[in-house]
Amino acid sequence: AQTVTQSQPEMSVQEAETVTLSCTYDTSESDYYLFWYKQPPSRQMILVIRQEAYKQQNATENRFSVNFQKAAKSFSLKISDSQLGDAAMYFCAYDLGNEKLTFGTGTRLTIIP
Amino acid sequence: DVKVTQSSRYLVKRTGEKVFLECVQDMDHENMFWYRQDPGLGLRLIYFSYDVKMKEKGDIPEGYSVSREKKERFSLILESASTNQTSMYLCASSRLTYRGSQETQYFGPGTRLLVL
């Protein structure tokens with residue numbers, strides 16, 4: 001079965017520090033898309049960042065960046081200069097090109113003031 | 001901005017009741033999705049629709065059905081609600097993708113359903 005694994009159910013980080021959330025996945029496909037979604041408390045899920053598997057360059061969106069290791073099937077999210085508004089559940093997901101997302105179990109990130 | 005709305009934020013129903021969860025999107029998206037979210041399990045796809053009157057089973061369709069009579073509206077139906085269907089239900093929509101592309105899914109706020 002195709003799976004996405006987030007091994008850290010909870011993480012915490014001091015405000016202004018950097019934190020990395022882990023994600024590994026399992027697929028035999030060579031073309032796919034990877035995502036990190038953020039779900040703040042009582043608010044809607046939003047896309048944080050995405051990566052196309054055929055691109056070697058790691059995606060970056062402001063303070064958010066990924067470390068994509070295709071051979072290792074790893075897709076970690078780095079949040080720099082953490083802010084209180086970054087507190088949320090973070091979900092890693094992939095799309096094998098069939099328009100459906102497979103999600104991991106999520107990591108709850110707490111920001112310590 | 002894409003807006004995906006769900007008819008209720010919180011819902012309490014009794015075992016055996018028929019339950020309708022409604023989702024509406026205002027961006028003319030072809031694809032619509034229903035997920036359930038449970039602690040420790042993440043989001044799991046229940047059903048997916050890529051066009052009006054079209055539907056496709058996801059990973060956990062048992063006990064659910066869907067209806068898509070209009071492009072903007074996608075309904076999830078629990079024919080006979082059971083306690084194990086107590087969960088958070090999330091609706092999402094996206095544009096139809098073309099080979100070599102991928103479209104972002106936009107999510108609604110969720111409906112927290114409690115079945116007693």
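Computed from a predicted structure; not experimentally measured. Here, residues in each chain are numbered from 1, in the same order as that chain's written sequence. Both sets of labels track the order of writing: A upward for chains, 1 upward for ligands. Local features in a predicted model are, by the rule used here, given only for residues with pLDDT of at least 70; side-chain atom pairs are given and counted only at 80 or more, and totals for whole chains, interfaces and linings are based on all residues. The side-chain quantities take in all heavy atoms of the structure and omit both hydrogens and water.

Quick look at the overall build of chain B
In step 1: Helix and strand counts for chain B stand at zero helices and 11 strands.
In step 2: For the radius of gyration, the atoms used are the C-alpha atoms, and the globule rule reads 2.2 Å times the number of residues raised to 0.38. For chain B, whose C-alpha radius of gyration is 14 Å, the value lies close to the compact-globule estimate of 13 Å for 116 residues.
In step 3: Each principal axis of the C-alpha distribution contributes one length, and for chain B these read about 45 × 30 × 25 Å.
In step 4: A simple rule labels every residue: compare its accessible area, found with a 1.4 Å probe on the protein chains alone, to the largest value its type can have, and call it buried under 20%, exposed over 50%, or partly exposed in between. Within chain B, the fraction of its 116 residues that count as buried is 48%.
In step 5: Should any heavy atoms of two residues lie within 4.5 Å, those residues are considered in contact. Nonlocal contacts in chain B, meaning residues at least 24 apart in sequence, comprise 57% of its contacts between residues at least 6 apart.
In step 6: Note on areas: Shrake-Rupley, 1.4 Å probe, and residue coverage restricted to the protein chains presented here. Of the accessible surface of chain B, which amounts to about 5,800 Å², a share of 49% is contributed by carbon and sulfur atoms. By definition, any uninterrupted DSSP run of H or I lasting at least four residues is a helix, any uninterrupted run of E lasting at least two residues is a strand, and each is numbered from the N terminus.

Notes on the nonpolar core
In step 1: Within the largest apolar cluster, 25 residues are counted, with the highest numbers of intra-cluster contacts made by Y25(A), W36(A), F75(A), L77(A) and Y90(A).
In step 2: Elements supplying a minimum of two residues to this core: β3 (19–21), β5 (33–39), β6 (46–52), β8 (64–69), β9 (74–79), β10 (88–95) and β12 (107–112) of chain A.
In step 3: The element contributing the most residues to this core is β10(A), with four residues.
In step 4: We define the nonpolar core as a collection of buried residues of types Ala, Val, Leu, Ile, Met, Phe, Trp, Tyr and Cys that are connected through side-chain atoms lying within 4.5 Å of one another. Residues Y47(B), Y64(B), Y89(B) and C91(B) belong to the second largest nonpolar core, which totals 20 residues.

Regarding the state of the cysteines
Residues and elements named next belong to chain A.
In step 1: Note on terminology: disulfide denotes any pair of cysteine sulfur atoms within 2.5 Å. Applying the stated rule across the entire model yields two disulfides over all chains.
In step 2: A disulfide bridge connects C23 with C92, and the sulfur atoms are separated by 2.0 Å. In this structure the cystine formed by C23 and C92 twists about its S-S bond by roughly -70 degrees; its chirality is therefore left-handed. Highlighted residues: C23 in the loop between β3 and β4 (24–26) and C92 in strand β10, separated in sequence by 69 residues. Considered together, C23 and C92 belong to a single accessibility category, that of buried residues.

A short note on the interface of chain B and chain A
In step 1: In this complex, chain B contributes 27 residues to the contact, which on the side of chain A involves 18 residues.
In step 2: Two parts placed together each lose some accessible area under a 1.4 Å probe, and the buried area is that loss summed for both. Roughly 1,800 Å² is buried in total at the junction of chain B and chain A, and carbon and sulfur atoms are behind 48% of that figure.
In step 3: Here, a salt bridge means any side-chain nitrogen of Lys or Arg that lies within 4 Å of a carboxyl oxygen of Asp or Glu. Connecting chain B to chain A are one salt bridge.
In step 4: Note that K100(A) is salt-bridged to E56(B), the shortest N-O span being 3.0 Å.

Some words on the pattern of salt bridges
Opposite charge on two side chains permits them to pair, given that their charged atoms come into close proximity.
In step 1: On inspection of all chains with the given rule, the structure shows 12 salt bridges over all chains.
In step 2: Between K55(A) and E52(A) there is a salt bridge, with its nearest N and O atoms 3.8 Å apart.
In step 3: We classify K55(A) as partly exposed; its relative accessible area is 38%.
In step 4: Judged by its relative accessible area of 13%, E52(A) falls in the buried class.
In step 5: E69(B) is the salt-bridge partner of K53(B), the closest N and O atoms lying 2.4 Å from each other.

Concerning the sheet that holds strand β8 (residues 73–78) of chain B
Residues and elements named next belong to chain B.
In step 1: One open sheet holds the four strands; their spatial order is β1-β3-β8-β7, and the pairing between them is antiparallel. Sheet topology places β1 (4–6) and β7 (64–70) at the edges, where each strand pairs with a single neighbour. The average undirected angle you get between the axes of adjacent strands in this sheet is 20 degrees.
In step 2: Pairing between strand β3 (residues 19–25) and β8: six bridges, direction antiparallel. What sits directly across from V19, in β8, is L78. For two strands to be treated as a pair, DSSP must find at least two bridges joining them. To get an axis, a line is fitted to the C-alpha atoms, and for a helix only the part in contact is used. The angle between two axes follows their N-to-C directions and goes from 0 to 180 degrees.

A word on the environment of T15(B)
All names here are of chain B.
In step 1: Looking at the element boundaries, T15 is found in the loop between β2 (10–13) and β3.
In step 2: Taking C-alpha positions, T15 is 21 Å from W34, a pair spaced 19 residues apart along the chain.
In step 3: Apart from the residues lying within four places of it in its own chain, the contact partners of T15 are A81, S82, T83, V115 and L116.
In step 4: Here L116 takes part through its backbone oxygen, which lies 2.7 Å from a polar atom of the side chain of T15. Polar contacts, as used here, are pairs of N or O atoms within 3.5 Å; protein pairs need one atom able to donate a hydrogen and one able to accept it. Residues neighboring in sequence count only if both atoms are side-chain atoms.

Some details on the packing of aromatic side chains
In step 1: Each pair of aromatic rings taken from Phe, Tyr and Trp, with Trp reduced to its six-membered ring, is defined by centres within 6.5 Å and is described as stacked if the planes are under 30 degrees apart, edge-to-face if over 60, and tilted in the remaining cases. Counting across every chain of the model gives 15 aromatic pairs over all chains.
In step 2: Their ring planes at 65 degrees and their centres at 5.3 Å tell us that Y25(A) and Y32(A) sit as a pair that is edge-to-face.
In step 3: Its relative accessible area of 5% is what places Y25(A) among the buried residues.
In step 4: For the pair Y25(A) and Y94(A), a centre-to-centre distance of 6.1 Å together with 90 degrees between the ring planes defines the contact as edge-to-face. Linking Y25(A) in strand β4 with Y94(A) in strand β10, this pair joins segments that are 69 residues apart in sequence.
In step 5: Every member of this aromatic cluster is reached through a ring pair, and the members are F35(A), Y37(A), F91(A), F103(A), F33(B), Y35(B), F48(B), Y50(B) and F107(B).

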